[in-house]
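# Remarks on the overall topology
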Amino acid sequence: MTVQPPEPSPRLASSGELRASHDDREAVVEQLRDAAAEGRIDLDELDSRLEQALTSKTYAELAVLTADLPRLNSSEIRPPLVLKGGMYGASRGPGRWEVPGHVIARGGVGGVKIDFTRVECRLKEVAVEAYGEAAGVTIVVPDGWAVDTSGMDPGVGGLTDKTTPDRLPGTPLIRLTGSGGMAGVVIRHPNRRERRKLDSNPAQG
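A brief report on the enclosed structure follows. (Residues numbered from 1 in each chain as written. Predicted model: local features only at pLDDT ≥ 70, side-chain atom pairs only at ≥ 80, totals over all residues. Heavy atoms only, no water.)

### A word on the overall build of the protein chain
A tally of helices and strands in the protein chain yields 4 helices and 10 strands. Element order for the protein chain, N to C, with α for helix and β for strand: α-α-α-β-β-β-β-β-β-β-β-β-β-α. The burial tally for the protein chain puts 44% of its 205 residues in the buried class. Pairs at least 24 apart in sequence give 71% of the contacts found in the protein chain among residues at least 6 apart. Surface accessibility of the protein chain: about 11300 Å² in total, with carbon and sulfur atoms responsible for 51%. (Helix = DSSP H or I, 4+ residues; strand = E, 2+ residues; numbered from the N terminus. Buried < 20%, exposed > 50% of the residue type's maximum accessible area, 1.4 Å probe, protein only. Contact = heavy atoms within 4.5 Å. Areas by Shrake-Rupley, 256 points an atom, 1.4 Å probe, with all protein chains shown as cover.)

Rendered as structure tokens:
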């Protein structure tokens, strides 16, 4: 049985036509393999769906491959988290929040801060697009998380990477892309003030 992707429609333009990441495709692959192990789809159908999952470019193309399967929390496809600094700035964290496979941050003139220190993330990779623009973007990751900045354009403001290369087992890789813009992008581990808050509020969130 071959599953054909649906025709694009205006209804999907806000989410379904967004580009899927490697992690999104991998989540669908894992769900399909689980479904085959449970006897929900046969091996021929599994091969067909896996081939389409690995070549899918949008959320809509991925969604049709699992539309007739139970949704598992660990394998749900979530649209990107988009943070725009605008005039007054924007932030996410340090409380607990659900991390999607794709995060987009645009500094604007107010700046953006993304704090991953309180999250529980089971993803193997998180793709973060950061555009410093006029006020910059700051990204804080826990100790033991690794970062790949090879796809980042430093722009005029530059890229400041203060993370350590040591990655603990079971932690995600932050794959950082985008541009530093005028104000730059900073990615680092918690500073002293942030560490004091973490130590004094271990159960926060």
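So that's the structure; there's more coming.
### Comments concerning the sheet that holds strand β9 (residues 173-179)
The 5 strands lie next to each other as β1-β3-β5-β9-β7, forming an open sheet whose pairing is parallel. With partners counted over all chains shown, the strands left at the sheet margins are β1 (81-84) and β7 (146-153), one partner each. Strand-to-strand twist in this sheet, taken as the mean axis angle between neighbours without regard to direction, amounts to 15°. Alignment of β1 against strand β3 (residues 102-106), held across 4 bridges, turns out to be parallel. Directly across from L83, in β3, lies its bridge partner A105. (Pairing = 2+ DSSP bridges. Axes fitted to C-alpha atoms, helices over the stretch in contact; angles between N-to-C directions.)

### Details of unusual backbone geometry
Of note, the bond from G93 into P94 is cis; its omega dihedral lies within 30 degrees of zero at 15°. With respect to the secondary-structure elements, P94 resides in the loop between β2 (90-92) and β3. For E133, which is not glycine, the phi dihedral falls at a positive 50°. Relative to the elements of secondary structure, E133 occurs in the loop between β5 (125-131) and β6 (137-140).

### Side note on a nonpolar patch on the surface
Side chains of M87, Y88 and V109 sit close together on the surface and give an oily, nonpolar patch of about 440 Å² of accessible area. Its location among the elements puts Y88 in the loop between β1 and β2. (Patch = residues over 30% accessible without salt bridge, like charges linked within 9 Å, V, L, I, M, F, W, Y side chains within 5 Å. Salt bridge = Lys/Arg side-chain N within 4 Å of Asp/Glu carboxyl O.)

### Thoughts on a negative patch on the surface
A contiguous patch of negative charge, built from D42, D44, D47 and E51, is present on the exposed surface. Here D44 shows up in helix α2 (residues 43-55). Note on D44: relative accessible area 61%, which makes it exposed. (Lys, Arg positive; Asp, Glu negative; His and termini not counted. Charge placed at Lys NZ, Arg CZ, Asp CG, Glu CD.)

### Thoughts on the nonpolar core
Counting 25 residues, the largest nonpolar core has I114, F116, I139 and I174 as its most contacted members. Listing elements by their share of this core, those giving two or more residues are β1, β3, β4 (112-115), β5, β6, β7, β9 and β10 (185-188). Considering each element in turn, this core owes the most residues, 3 residues, to β5. Of all hydrophobic cores here, the second largest spans 13 residues; its members include V28, V29, L46 and L65. (Core = buried A, V, L, I, M, F, W, Y, C linked by side-chain atoms within 4.5 Å.)

### Digging into the pattern of salt bridges
A full pass over the atoms with the stated rule returns 11 salt bridges. For E45, the salt bridge identified is with R49, shortest N-O distance 2.5 Å. Taken together, the residues span about one helical turn, with E45 and R49 both in helix α2 at a distance of 4 residues. Accessibility assignment for this pair places E45 and R49 in one class, buried.

### Here we look at the sheet that holds β4
Read from one edge of the open sheet, 5 strands run β2-β4-β6-β10-β8, paired in parallel fashion. If you trace the sheet from one side to the other, it starts and ends with β2 and β8 (159-161), each paired once. With direction set aside, neighbouring strand axes in the sheet form an average angle of 5°. In the sheet, β8 pairs with β10 via 3 bridges, with the strands oriented parallel. Looking across to β10, one finds that L159 is bridged to V185.

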